[in-house]
Structure formats: C-alpha cells, structure tokens
Amino acid sequence: MANNGLDIKLKGDKVIEQIPSIKDKALRINLNENIYGTFAEIGAGQETVRHFFRSGGSSGTIAKAMSAYDKDFSDAIYGIEDDGRYVTESRLKKMLTHETELIEKRLNREKHPNKIFFSYANTVATIDFAKQFKGHGWVGIKYQVEPDEDYNEITLHIRFKETDARLQQETLGILGVNLIYGAYYKYNDPKKLLRYLYDHLDKDQLEIDTINFSGPRFANVDNRLMSLQLVKNGMTDAVMFSPEGKNILPAAVLYKKNILALRGSFRPVTKVNMDMYLKSLEMFVEENKVEKENTFVIFEITLSNLRSEGEIDERDFMDRAELLCSLGQTVMISNFQEYYKVVEYFSSYTKARMGLAMGVNNLVDIFDEKYYRHLSGGILEAFGKLFYRDLKVYLYPMEEDGEIITSQNLKVHPRMKELYKFFAYNGKVVDVQVNDVDNLKIFSREVLKMINKGIPGWEKMLPEGTAELIKQHQLFGYDPNRVLEEV
C-alpha cells in the first residue's frame, strides 16, 4: 500500500535533529536576497568565504572578500596595534568596525532598503613550522537582523588542537560558516548557537575559551552564563571573567604572572573566604620572586562544585558570580577537579611563582589516593605535577572539637604521612595566621541554610556590604517575607 510520499515511521523511532551540511548553510545564506556583507580574513587564507563562493549564488551575499596578509598592508587598513601584535581581540574589533563602516559608506541605503549588512572577520595564527605552538585566533561577526536596527556582535577566541596547518585552515572555515549561520538563524537562542558552532567539527579539533555577545538582539544575554556553557559543553576546560562581569581571555591576563588561586563554593562568600584571601595574598607578595604589581588573584569555582546538588543551577551560579564581582574579584570556572590540573593549566601561561590558598580539609583531600587512581604514577605523579613548579600552599586553619588544626597537627592517612612531611618540611605548605578565631566557626553551608530558613544573624558572617547586596537582589533564595522556620 502506498504511503503517499510520506516518510515511514516505526514504533520506537527517536527524533533526530537534522544538522544542515556546511554547503547547505552557506547556500541558505547566499539565497537570502537581503543578507549582504564582507569577509576579512587574516592569517589562514580565505577559508570561510571559500565555502560561500563554492556553494553557489554568492554574488547576492558577498560584497567584498579580502585578506590583508602583509602586516604593513594590514596596519595601513586597520591601524597599528599598541602592542604590535596582530592576533588580538583589539585587531578583530578594528577589522569588524572598519569593514562595517565601509559597507554603510559605500552602499546606498536608498538603493538597498531591505539589505541587512554583516562583516565577518578573523585574525589567526596557525601552527608554526616547528610545530611548537599549535596556533590560536579571534573570530567574529558584526551584523544586522533588520535594516534599520543597530548592529549585533559575536566575538570568540579559539585554540587549534590539530597539528597540521591545512587541517586547521579547514576547521577555521567550517567554524566561520557555523558562526555566520548561527548569527542569523539561532540568535534567539544563544545557548544553541554556541553548541552549533561545533557542527561538523570535533572537540579535539578546536577549543573555544572566550565568547562575547553584544547588541540589541543580545541585550538580555549575560556573557558570564555563556562562559559557563563553554565549560559545561566541554568546549574548554576553564573560563574567566573580570570584576566588571566581562569575559576575559585567560592567556591575556595570566601571561607571565605570579598567580594566587583560591578554590571554594563561595555560596555565599564569607568573612573566612576574604580573610583567607587577604592573609594569603599578604604572605604571597612577601615571597622571593613574587612582585606585587605582577600578582594576579583568582577565585576558582569548579564545575563539580556547581553540580554538587545535581544539575547546574544557573541562577545559583550567577548569585555567586555577582557577589565575587562586587568584591572586586576575578572569577574562574573550571573543569579541574584535582588541584594538580589547575597548576598545570596555569603553568601553560606562566613560569612565575604560584600559590594556592586552601583550608585544612582541602589539603587532607589532596593526600587521598582515591583521586589519583586514573594516573599510571598514582599520587606521586599528581604531586610531581603539583609541586614541581614553584608552588606554595597557604593553609588556613580550622577548628575541630575545640582544637585549632594547622599544618603541624593535621592528620592524613598513615600511608601518606611521610609524603606529607616531605612537603611540609620543605616549606611547600605554610600556615596562615588567623587573628579572629571566631571566623573559624563560619561555614558557607550554614550561612546559606540561615538565609534560606530566615534565621537572623547571618549578616555578620559576611564581608561588608555583601548582606545588603543579597537582600537587595534577593540572592541565594533570600526572601524578605519569609517567616522564621523551625531549625
């Protein structure tokens, strides 16, 4: 019996999302009579625009395609960068702005009343001849959705993982098509747009470690949440944002810096967290080979911590981010459960001295062998990676049964006792002196419980101004109308 041309569906079939091919994406853009713009690509050839030329119908889409490959030509067109570098966010933004202004200047709006203009640009460095540096780049698009509307902008930083320049060029071209297609057809759902950047690509080809959305169509997008998606989707291992809430490129801020990192839940940030930060920073900058003006402090939250109660609660994440940013801190979200991975990550950007500030419980956990069973060298391999760099641990004490626990009397597993002594006696673990022992009775989880249950008194456990912010913005489930619940 005929099925009248309808697809046959069987019981048990699952819905499969159809991903358009790269040719289909480019063709759909080309066949839209209103989308019109320019391509400016530096450093890897004209890899993105090539797909639009090949798919057909490109004359209605491509106003200009260029590659100012020579540095002098590039400087003449876009201006000279203050730092003399070419693969930077600043260069990308100058390219997008310059090309957009040219479109508006050279194409008469009266002649093209329905055109929605765009400028796509990339500035990249592919793998070097010696294959020591795999390469990286900045990619972006500035575009309209309506002819009389202001421009939107999406910019991102990528790191190549492939070890062949030709493969990197192909990867860049596919990414470029995905970005342009997503900008026009997925702008209403930035999270999906982000995921679709990897259509026809694999995570081992490319890493995206920074992305920023701006413009009228993204007015309600918080770029910190987009950063979180990058880590959550496995597109990168770590992202960072500044006290102003702006996404920042880790390589740009960590390069050759002395780094002090504090890991915690910061749910919410308490007086203990800030005391640990201030005291450890004071000790860190007194160390040899540490310069105060070259020191960078990072408050780190791990993805596993964000998932501590199942799925990631984005509101909860934003509450933590808002408090830390209000205190002037730089925040890092990472996928590093083990501390040695954090140190390895930092070591890829700096050879300068580093410090980790942590509580006693965290240090005891570090000496637990179960975290290192996946390593062929076990805990010794992990500790080699953790301490072979110029690293110190600044240990914040804890109170247990009326006793103050420090590096001198903490208890690790008997098998680990001699290993711990080795690091402690060699000055790799140093104690932070606490002036107010009452601080040791403050725990984030208890403060959170008090906020949730409407129990008074939690305000005095937080840094100055923090309680007011929680009340004003109703963070962490704070409800001014909640009646005190029974404890």
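Located above this text is the structure these notes cover.
Computed from a prediction, not measured in an experiment: that's the story for all the values here.

Engineer: Is there a simple way to explain the side chain of N178 in this structure?
Structural biologist: Position of N178 relative to the elements: it lies in helix α5 (residues 165-185). Among the residues examined, N178 registers a relative accessible area of 2% and is labelled buried. When residues no more than four places from it in sequence are discounted, the contact partners of N178 are I22, K25, Y196, L197, Y198, D199 and L201.

Engineer: I'm lost on the pattern of salt bridges in this one. Help?
Structural biologist: A side chain with one charge can pair with a side chain of the opposite charge if their charged atoms come near. Taken as a whole and judged by the stated rule, the model has 31 salt bridges. Between E81 and R91 there is a salt bridge; the shortest N-O distance is 3.5 Å. Here R91 lies in helix α4 (residues 89-106) and E81 lies in the loop between α3 (71-78) and α4, a separation of ten residues in the sequence. In this pair, the class of E81 matches that of R91, namely buried. Ionic pairing is found between E314 and K191, a salt bridge with its closest N-O pair at 2.8 Å. Residue E314 is found in helix α11 (residues 314-326), and its partner K191 is found in helix α6 (residues 190-196); the two are separated by 123 residues along the sequence.

Engineer: For this particular structure, what's the right way to read the pairing of strand β9 (residues 258-263)?
Structural biologist: Residues in a regular strand project their side chains so that they alternate between the two faces of the sheet. With six of its six residues buried, β9 lies for the most part within the structure. Note that β9 and strand β10 (residues 295-302) share six bridges and pair parallel. For L262, the partnering residue across the bridge sits in β10 and is F299. The parallel pair β9 and β10, bridged by helix α9 (residues 271-284), forms a crossover whose chirality is right-handed. Bridge analysis of β9 against strand β12 (residues 354-359) gives four bridges, and the strand direction is parallel. Bridged to I259 within β12 is M354.

Engineer: How should I be thinking about the sheet that holds β9 in this particular structure?
Structural biologist: Picture the strands of a sheet paired through backbone hydrogen bonds; they go either parallel or antiparallel. Pairing is mixed in the open sheet, where eight strands are placed in the order β8-β7-β11-β10-β9-β12-β13-β16. Taken across any chain shown, the strands that pair with only one partner, and hence form the sheet edges, are β8 (247-248) and β16 (429-431). Set on the sheet, α9 makes contact with β9, β10, β12, β13 (391-396) and β16; between it and β9 the angle comes to about 160 degrees.

Engineer: Mind showing me how you'd approach α9 here?
Structural biologist: Along an α-helix, residues three or four apart share an orientation, since each turn contains 3.6 residues. The end-to-end C-alpha separation of α9 is 19 Å, in line with the 20 Å expected for 14 residues at 1.5 Å each. Counting buried positions along α9 gives ten out of 14 residues, so the element sits mostly inside the fold. For α9, every residue scored as buried is listed here: V272, N273, M274, D275, M276, Y277, K279, S280, L281 and F284. Contacts from the buried residues of α9 go to β9, β10, β12, β13 and α16 (444-453).

Engineer: Help me understand the side chain of T210 in this model?
Structural biologist: By the secondary structure assignment, T210 is in strand β6 (residues 206-214). If we skip the residues at most four places from it in the chain, T210 touches T155, L156, H157, L230, N247, I248, L249 and P250.

Engineer: Just checking my understanding: could you explain the sheet that holds strand β1 (residues 35-42) for this structure?
Structural biologist: The strand order across the open sheet built from six strands is β2-β1-β3-β4-β5-β6, with neighbouring strands paired in mixed fashion. With one partner strand each, in any of the chains shown, β2 (62-66) and β6 form the two edges of the open sheet. Along the sheet, successive strands turn relative to each other by an average axial angle of 10 degrees, direction set aside. When strand β5 (residues 152-160) meets β6, the two strands line up antiparallel, connected through eight bridges. Bridge pairing links I158 to I208 in β6.

Engineer: Explanation requested: the packing of aromatic side chains in the structure shown.
Structural biologist: Here the distance between the centres and the angle between the planes together describe a pair of aromatic rings. All chains considered together, the criterion is met by 22 aromatic pairs. Judged by centre distance (5.9 Å) and plane angle (55 degrees), the ring pair of F39 and Y120 falls under tilted. Of this pair, F39 sits in strand β1 while Y120 is found in strand β3 (residues 116-125), placing the two residues 81 residues apart along the sequence. Grouping residues by exposure puts F39 and Y120 together as buried. Arranged with centres 6.4 Å apart and planes meeting at 85 degrees, the rings of Y372 and F383 form a pair that is edge-to-face. Residue Y372 is found in the loop between α13 (360-366) and α14 (378-387), and its partner F383 is found in helix α14; the two are separated by eleven residues along the sequence.

Reading the values: rules and limits
- Residues numbered from 1 in each chain as written.
- Predicted model: local features only at pLDDT ≥ 70, side-chain atom pairs only at ≥ 80, totals over all residues.
- Heavy atoms only, no water.
- Helix = DSSP H or I, 4+ residues; strand = E, 2+ residues; numbered from the N terminus.
- Buried < 20%, exposed > 50% of the residue type's maximum accessible area, 1.4 Å probe, protein only.
- Contact = heavy atoms within 4.5 Å.
- Salt bridge = Lys/Arg side-chain N within 4 Å of Asp/Glu carboxyl O.
- Pairing = 2+ DSSP bridges.
- Right-handed = clockwise from strand over helix to strand, strands pointing away.
- Axes fitted to C-alpha atoms, helices over the stretch in contact; angles between N-to-C directions.
- Expected span 1.5 Å × (residues − 1).
- Phe/Tyr/Trp six-rings, centres within 6.5 Å; stacked < 30°, edge-to-face > 60°.

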